[in-house]
Amino acid sequence: MIVFDQVSKSYDGVSKVIDTISFKVLQGEILVLLGSSGCGKSTILKMINRLVDPTSGAIYLDGKDILKQNPVELRRSIGYVFQGIGLFPHMSVKENVDIVPRMLDWPEQRINERCRELLELVGLPTENYAKRFPDELSGGQQQRVAVARALASDPDFLLMDEPFGALDAITRDSLQQEFLDLKQRLAKTVVFVTHDIVEALTLGDRIAILNEGRLEQIATGKEILQQPATAFVRDLFAKSINRLKTFKDTL
Ligand SMILES: Nc1ncnc2c1ncn2[C@@H]1O[C@H](COP(=O)(O)OP(=O)(O)OP(=O)(O)O)[C@@H](O)[C@H]1O
Ligand SMILES: [Mg+2]
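Residues numbered from 1 in each chain as written. Chains lettered and ligands numbered in written order. Predicted model: local features only at pLDDT ≥ 70, side-chain atom pairs only at ≥ 80, totals over all residues.

**Examining the nonpolar core**
Grouped together as the largest cluster of nonpolar side chains are 61 residues, with contacts concentrated most on Val32, Leu33, Ile48, Ala148, Leu159, Val191 and Ala208. In terms of residues, this core owes the most to one element, helix α6 (residues 139-151), which gives 6 residues. The contact partners of Leu33, leaving out residues within four places of it in the chain, are Lys41, Ile44, Val191, Val193, Ala208 and Leu210. (Core = buried A, V, L, I, M, F, W, Y, C linked by C-beta atoms within 7 Å. Buried ≥ 20, exposed ≤ 12 C-beta atoms within 10 Å, placed from the backbone. Helix = DSSP H or I, 4+ residues; strand = E, 2+ residues; numbered from the N terminus. Contact = placed C-beta atoms within 7 Å.)

**Notes on the site of ligand 1**
Taken together, Tyr11, Val17, Gly35, Ser37, Gly38, Cys39, Gly40, Lys41, Ser42, Thr43, Gln83 and His195 are the residues near ligand 1. For the shell around ligand 1, the residue count by class is 3 nonpolar, 8 polar and 1 charged. (Near = placed C-beta within 6 Å. Nonpolar A, V, L, I, M, F, W, Y, C, P; charged D, E, K, R; others polar.)

**Quick word on the sheet that holds strand β9 (residues 206-211)**
The 6 strands are arranged β6-β7-β8-β3-β9-β10 in an open sheet whose pairing can be described as mixed. Each of the sheet's edge strands pairs with one partner strand only, and the pair in question is β6 (78-81) and β10 (214-219). Within the sheet, the average angular offset between the axes of one strand and its neighbour, ignoring direction, is 15 degrees. Bridge count between β9 and β10: 5 bridges; the pairing is antiparallel. (Pairing = 2+ DSSP bridges. Axes fitted to C-alpha atoms, helices over the stretch in contact; angles between N-to-C directions.)

**What to know about α6**
Spanning 13 residues, α6 covers 19 Å between terminal C-alpha atoms, matching the ideal 18 Å at 1.5 Å per step. Turning to α6, its buried residues number three or more, namely Gln143, Arg144, Val145, Ala146, Val147, Ala148, Arg149, Ala150 and Leu151. (Expected span 1.5 Å × (residues − 1).)

**Considering the packing of helix α3 (residues 93-103) against helix α4 (residues 108-121)**
Running from N to C, α3 and α4 cross one another at 125 degrees; their axes reach a closest spacing of 10 Å. Of the possible angle classes, the one that applies to α3 and α4 is oblique. Regarding α3 and α4, the two cross each other, and that crossing is right-handed. For the pair formed by α3 and α4, the contact residues are Lys94, Val97, Asp98, Pro101 and Arg102 on the first element and Ile111, Arg114, Cys115, Leu118 and Leu119 on the second. Among the residues making up the contact of α3 with α4, the classes are represented as 6 nonpolar, no polar and 4 charged. (Parallel < 35°, antiparallel > 145°, perpendicular 65-115°, else oblique. Left-handed = near helix turned anticlockwise from the far one by under 90°.)

**Remarks on the sheet that holds strand β5 (residues 64-65)**
Reading across from one edge, β2-β1-β4-β5 is the order of the 4 strands in this open sheet, with antiparallel pairing throughout. Two strands in the sheet have a free side with no partner beyond their single neighbour: β2 (18-25) and β5. As paired elements, strand β1 (residues 2-9) and strand β4 (residues 56-61) share 5 bridges and run antiparallel to each other. If you follow Asp5 over to β4, its bridge partner there is Ala58. Packed on one face of the sheet, helix α1 (residues 41-48) meets β1, β2 and β4 and runs near 120 degrees to β1.

**Overview of the confidence of the model for the chain**
Summary statistics for the chain give a mean pLDDT of 91 and a share of 100% for residues scoring 70 or more. Taking the mean pLDDT of every element in the chain, the minimum, 81, falls on helix α7 (residues 169-186) and the maximum, 98, on β1. (pLDDT = per-residue confidence, 0-100.)

**Digging into the pairing of strand β8 (residues 189-194)**
Side-chain direction in a regular strand flips from residue to residue, so the side chains alternate between the two faces of the sheet. Of all 6 residues in β8, 6 are buried, a share of seventy percent or more. In this sheet, β8 lies alongside strand β3 (residues 30-34) in parallel orientation, the contact comprising 5 bridges. Paired with Ile30 across the two strands is Val190, which belongs to β8. Here strand β7 (residues 157-161) runs beside β8; their pairing, made up of 5 bridges, is parallel.

Here it is, written out as structure tokens:
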């Protein structure tokens, strides 16, 4: 479980980009962070693995205060798919997936077995894909490798920062479904960032809606649609639904 307790973050010591937020991500749950650009989604993920530290408040992973843990050890329990940072272009698919196990000094055979297993898991069999370079893969295939890489050391927690953001709607759809299947099998605790409402509703066991560093509502998609907690949440969902309706009316 991940717990945020009254967490705030200021980068410049003046304005708060995260303002006193508290929430829990339950064991085995996908919590989606939804909000517009600049509202603080990536900052929340970065604080979980200590790329940045909170200005005040505390964050606990499985009951332990992360500020009291060694950041390197902490990161071993966390897989991270970074926003906009793809694969290392000069490394093959296998080399990209092997990075963390190699850092952890796993024996060669274990690294090879793990890589084979992971590529199988994300639908890119070793025989066809292990030796290719990122520019020899489609965008969706690259994203799968990024997910495989984040899973390599079998972390309990997975942080995914707009992992399907740059993909076309059809590829995104199929990766979302595959991700749901994968999640069922792996039972990870996931924090998944998106600014796409449909993606949030599709993937989230619960959705946390952020607005300028504040938490507007955290609930299931159904609860949010039925009972938006604030005017901001109501407007956010109403706008998307209205856009779809308007489009349908033009057909
Ligand atoms: N290292 C930094 N130094 C100063 N300000 C920063 C830094 N990183 C982020 N910010 C600011 O903090 C705010 C939140 O940024 P963050 O990256 O968390 O937003 P986001 O919700 O992930 O946005 P996006 O959807 O565009 O990725 C933004 O106003 C951003 O400019
Ligand atoms: Mg971001």
